[in-house]
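# Close look at the chain arrangement
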Amino acid sequence: MNGFTGRRLTAAALTVVALATGTTACSSGGSSSAKGEDNGTYTIWDPYPQFTKGSAWAKLLDSCGSKAGVKVKRTAFDTSDLTNKVLLAAQQDNSPDVLIVDNPVVSTLAEAGVLTTTDDNKLDTSKADPNLLAAGQSGGKTYGTPIGANTLALYYNKAVLKAAGVDVASITDWKSLTAALDKVKKAGKKGITFSAIGTEEGSFQFLPWFWGSGAKLTELDSAQGESALTLWSDWLKKGYAPNSVINNTQTTSWQEFATGDYAFAENGTWQLANAEKAGFDYGVLPVPAANGGNASAPTGGEFVTVPVQGDTGRYTTAQKLVTCLTSTENLYATDTTLSYVAPTAEVQDKQVAADAELKPWVEAVKAARGRTSDDLGTKYPKISEQMWKAVQSALSGAKSPKDALSAAQDAVK
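Notes on the structure follow. (Residues numbered from 1 in each chain as written. Predicted model: local features only at pLDDT ≥ 70, side-chain atom pairs only at ≥ 80, totals over all residues. Heavy atoms only, no water.)

Looking only at helices and strands, the protein chain has 18 helices and eleven strands in total. For 413 residues, the compact-globule estimate of 2.2 N^0.38 gives 22 Å, and the protein chain sits close to it at 22 Å. With the principal axes as the frame, the protein chain shows a C-alpha extent of 70 × 50 × 35 Å. Per element, the accessible surface of the protein chain, about 16,700 Å² overall, is 49% carbon and sulfur. (Helix = DSSP H or I, 4+ residues; strand = E, 2+ residues; numbered from the N terminus. Rg over C-alpha atoms; globule rule 2.2 N^0.38 Å. Areas by Shrake-Rupley, 256 points an atom, 1.4 Å probe, with all protein chains shown as cover.)

Shown next as structure tokens:
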């Protein structure tokens, strides 16, 4: 593989680099300079500033370094800062040896020439679930391996459903879910809450319904896509979902569910700890597809990647570090800490054996897909922006679902 030069950065990447100045990082490893003081020091950047020096995560990084015979220098960034910092470092030929980054960003960095492929770095990705690995693929090449995944499903309040006479086992598609919401409303309780805010969070929460209809992101205005937006719009009109969803983040949506008044809430694995504190019995149901089965929900979570280096001899040790971090033994401990579902069937089985309540989440992750999958790559952010704008227009009553999605598709073109 050719060595990296700053000239390979795309114009779009350089625009992001220009915005990087002035941002700061939360570091547990000293200076944020990527290159080590000597060849025996390897740098790792991650988006986990919550795990400080002395944490199990930091100790794992040091342990993997020891096994590879090198010293690890770790720097933690807020997720919002990390992409900019990486692009700036790449421009200066100062990239970290190992980079852990949010999965939708992988295609951006790959297009900018920042990341090596698995053909170059010799990472073995054979154990990773193909649907999760797809989030790190672009142009037929793979640019890393997933460290774990989270996704969306439906939390439900068992007491509310029981009072409404709803058997959760009967909810298998959109028709049966809507019928359940009707029963809940007639019983004097509230139906479902979710986030439809005009940001990526809104698109993230709409995607299971959009994909569950059979729609594709390359055709926002299809009849299937219209049916998904009509579903949400009708729920608001009939009072099955509150008008507050238009401004809800995933956090405020959860707060509504935590009152105990709602039958359902669409939310993610990251709310499991809060669910245990809610004070009522809850269950988890994968988001149903329109005509039955589990809908594909979008995957969250990070990829472990190997950035391009001027000294290609560093890839061998970087590969050893990544292999250690994503080994079966270490994935189990790491994904438990992060409340992630593991990216391999072997570790998923181990998670379910230890905690049976994770089974619906594992099922949801197995049906999930990356937002940049299907080779969308850097096209996804523009599509997503038009999607959330369409959702906002339809739910506010400004446009019909059909007109809102037609306008969205026109804007993407």
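Geometrically, a packed helix pair is captured by the angle between its two axes and the distance between the axes. Contact geometry of helix α14 (residues 328-338) with helix α15 (residues 345-354) gives a least axis separation of 10 Å together with a crossing angle of 50 degrees. When the axes of α14 and α15 are compared, the pair comes out oblique. Between α14 and α15 lies a crossing whose hand is right-handed. Counted together, Thr-328, Leu-331, Tyr-332, Asp-335 and Thr-336 of α14 and Glu-346, Val-347, Lys-350, Gln-351 and Ala-354 of α15 form the full contact between these two elements. Classifying every residue of the contact of α14 with α15 gives four nonpolar, three polar and three charged. (Axes fitted to C-alpha atoms, helices over the stretch in contact; angles between N-to-C directions. Parallel < 35°, antiparallel > 145°, perpendicular 65-115°, else oblique. Left-handed = near helix turned anticlockwise from the far one by under 90°. Contact = heavy atoms within 4.5 Å. Nonpolar A, V, L, I, M, F, W, Y, C, P; charged D, E, K, R; others polar.)

Next up on the list: helix α3 (residues 79-91). Here α3 is 13 residues long and its end C-alpha atoms lie 19 Å apart, about the 18 Å a rise of 1.5 Å per residue gives. All buried positions along α3 are accounted for by Asp-81, Leu-82, Thr-83, Asn-84, Lys-85, Val-86, Leu-87, Ala-89 and Ala-90. Following α3 by one or two positions, Asp-93 adopts a phi angle in the positive range, close to 50 degrees. (Expected span 1.5 Å × (residues − 1). Buried < 20%, exposed > 50% of the residue type's maximum accessible area, 1.4 Å probe, protein only.)

A rise of 1.5 Å per residue sets the reference length of helix α9 (residues 200-212), with its 13 residues, at 18 Å; its end C-alpha atoms lie 18 Å apart and thus fit the reference within 8%. Roughly 40 degrees is the biggest bend found in α9, and it falls at Phe-206, with proline Pro-208 one to four residues downstream. Those residues of α9 that fall on the buried side of the exposure criterion are Gly-202, Ser-203, Phe-204, Gln-205, Phe-206, Leu-207, Pro-208, Trp-209, Phe-210, Trp-211 and Gly-212. Residues of α9 that are buried in the fold lie against β7 (152-157), α8 (174-186), α10 (223-237), α11 (250-257), β9 (262-268) and α17 (380-396). Gly-214 occupies a position one or two residues after α9 and carries a positive phi of about 95 degrees. (Bend = angle between axes of the 7 residues up to and from the residue.)

Turning our eyes to something else, we now look at the state of the cysteines. Scanning the model with the defined rule gives one disulfide in all. Across a sulfur-sulfur distance of 2.1 Å, Cys-64 and Cys-324 are joined as a disulfide pair. Across the disulfide from Cys-64 to Cys-324, rotation about the S-S bond amounts to roughly -75 degrees, and the bridge is consequently left-handed. With a gap of 260 residues between them, Cys-64 in helix α2 (residues 56-68) and Cys-324 in helix α13 (residues 315-325) connect regions that are remote in the sequence. One exposure class covers both Cys-64 and Cys-324, and it is buried. (Disulfide = S-S within 2.5 Å.)

Turning next to the side chain of Ser-195. In this structure, Ser-195 sits in the loop between β8 (190-193) and α9. Polar contacts involving the side chain of Ser-195 include one to the main-chain carbonyl oxygen of Asn-248, which spans 2.6 Å. Other than its neighbours up to four places away in sequence, Ser-195 contacts Glu-201, Gly-202, Gln-205, Trp-232, Val-245, Asn-248, Thr-249, Gln-250 and Ser-253. (Polar contact = N/O pair within 3.5 Å; in protein donor to acceptor, adjacent residues only side chain to side chain.)

Bringing the pattern of salt bridges into the picture now. Evaluation of the coordinates by the stated rule reveals eight salt bridges. Between Asp-182 and Lys-186 there is a salt bridge, and its shortest N-O distance comes to 3.0 Å. Taken together, the residues Asp-182 and Lys-186, both in helix α8 and four residues apart, mark about one turn of the helix. For Asp-182, a relative accessible area of 21% corresponds to the partly exposed category. (Salt bridge = Lys/Arg side-chain N within 4 Å of Asp/Glu carboxyl O.)

All right, on to the pairing of strand β11 (residues 302-305) then. Of the two faces of β11, the one carrying Glu-302 and Val-304 and the one carrying Phe-303 and Thr-305 are both buried. For strand β3 (residues 98-102) and β11, the ladder comprises four bridges, and the chain directions are antiparallel. Bridge assignment links Asp-102 to a residue of β11, and that residue is Glu-302. Sheet analysis places strand β6 (residues 145-146) next to β11, joined by two bridges and oriented antiparallel. (Pairing = 2+ DSSP bridges.)

Direction vectors running N to C along α9 and α17 enclose 85 degrees, while the axes themselves pass 9 Å from each other. On the basis of their axis angle, the class for α9 and α17 is roughly perpendicular. Of the residues in α17, those touching α9 at Glu-200, Ser-203, Phe-206, Leu-207 and Phe-210 are Tyr-380, Ser-384, Met-387, Trp-388 and Val-391.

Turning our eyes to something else, we now look at the nonpolar core. Counting 51 residues, the largest nonpolar core has Phe-194, Trp-209, Phe-210, Leu-217, Trp-232, Trp-235 and Phe-264 as the members making the most contacts within it. Secondary-structure elements contributing two or more residues to this core are β7, α7 (158-163), α8, α9, α10, β9, α17 and α18 (401-412). With residues near it in sequence (within four places) discarded, Phe-264 still touches Leu-154, Tyr-155, Tyr-156, Leu-161, Ile-171, Leu-177, Leu-181, Gly-191, Ile-192, Thr-193 and Phe-257. The next biggest cluster of nonpolar side chains, apart from the first, holds 29 residues, and it includes Tyr-42, Ile-100, Ala-318 and Cys-324. (Core = buried A, V, L, I, M, F, W, Y, C linked by side-chain atoms within 4.5 Å.)

For Asp-93, which is not glycine, the phi torsion reads 50 degrees and is therefore positive. Along the polypeptide, Asp-93 turns up in the loop between α3 and β3. Given the relative accessible area of 36%, Asp-93 is considered partly exposed. Here Asp-375, not a glycine, exhibits a phi torsion of approximately 60 degrees, which is positive. The class for Asp-375 is partly exposed, based on a relative accessible area of 47%.

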